[in-house]
Amino acid sequence: MAGTGSSWRPPRSCEDYWGEWKHCRGLRHAFHHYYAHGELPECGRWREDYEACRAWERDRSPAAQEALCKSERARVMEKQKYAPVWKLRKSPPSDWYLPLDHDKSN
């Protein structure tokens, strides 16, 4: 865990969690998420994180602190699980300066 005691702060401000939850529930975001992923977005985690953040601000609850840390770790791991679509190059192709053959048929 990042640290314990009064020096620990939530990874984001509580207003950020609230804003993400409101954005996630919006019609435009739901439509885009459904178009891109084929399912509606799961917004409950943002609300739970907001409530845990407020609980931590109110009484410095260790359970709320642990819940926020666990949720943020899960978000980071979720972002890292997808491989890049294209293989990244280390250098340009050897013939990068040659003109393209637009007249050549396949």
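Residues numbered from 1 in each chain as written. Predicted model: local features only at pLDDT ≥ 70, side-chain atom pairs only at ≥ 80, totals over all residues. Heavy atoms only, no water.

## Digging into the packing of helix α1 (residues 14-25) against helix α3 (residues 44-59)
For clarity, the threshold we go by: Here an angle of 0 to 180 degrees is reported between the N-to-C directions of two axes, which are lines fitted to C-alpha atoms, with helices fitted over the stretch in contact. For helices the rule is a DSSP run of H or I covering at least 4 residues; for strands it is a run of E covering at least 2, with both sets numbered from the N terminus onward. Our angle categories are set so that under 35 degrees counts as roughly parallel, over 145 as roughly antiparallel, 65 to 115 as roughly perpendicular, and the remainder as oblique. Handedness of a crossing is defined here by the sense of rotation of the near helix relative to the far one, left-handed for an anticlockwise turn of less than a right angle and right-handed for a clockwise turn. Residues are treated as being in contact if the distance between any of their heavy atoms lies within 4.5 Å. Note that Gly is not counted as nonpolar here; it falls among the polar residues with everything else outside the nonpolar set of Ala, Val, Leu, Ile, Met, Phe, Trp, Tyr, Cys and Pro and the charged set of Asp, Glu, Lys and Arg.
Relative to each other, α1 and α3 sit at 160°, their axes nearing to 8 Å. Taken together, the axes of α1 and α3 lie roughly antiparallel to each other. Here the hand of the crossing between α1 and α3 comes out left-handed. Contacts from Cys 14, Glu 15, Tyr 17, Trp 18, Glu 20, Trp 21 and Cys 24 of α1 reach α3 at Trp 46, Arg 47, Asp 49, Tyr 50, Cys 53, Arg 54 and Glu 57. Grouping the amino acids of the contact of α1 with α3 by side-chain chemistry returns eight nonpolar, no polar and six charged.

## Quick word on the environment of Phe 31
Note the following rule: Buried means the residue's accessible area, taken with a 1.4 Å probe over protein chains only, is under 20% of the maximum for its type, while exposed means over 50%, and partly exposed covers the values in between.
Along the chain, Phe 31 turns up in helix α2 (residues 27-37). The exposed category is assigned to Phe 31, whose relative accessible area is 61%. In sequence terms Phe 31 and Glu 72 are 41 residues apart; their C-alpha atoms lie 25 Å from each other.

## Considerations on the side chain of Arg 75
Cut-off, in case you're wondering: We call two N or O atoms a polar contact when they sit within 3.5 Å, provided that within protein one can donate a hydrogen and the other can accept it, with sequence-adjacent residues counted only if both atoms are side-chain atoms.
Summarising the element assignment, Arg 75 is placed in helix α4 (residues 62-80). Residue Arg 75 is classed as buried on the basis of its relative accessible area of 8%. Looking at Arg 75, its side chain comes within polar contact range of the side chain of Glu 72, at 3.2 Å. Setting aside its immediate chain neighbours within four residues, Arg 75 contacts Arg 12, Tyr 17, Arg 45, Trp 46 and Asp 49.

Limitation: the analysis is restricted to geometry and does not speak to function.
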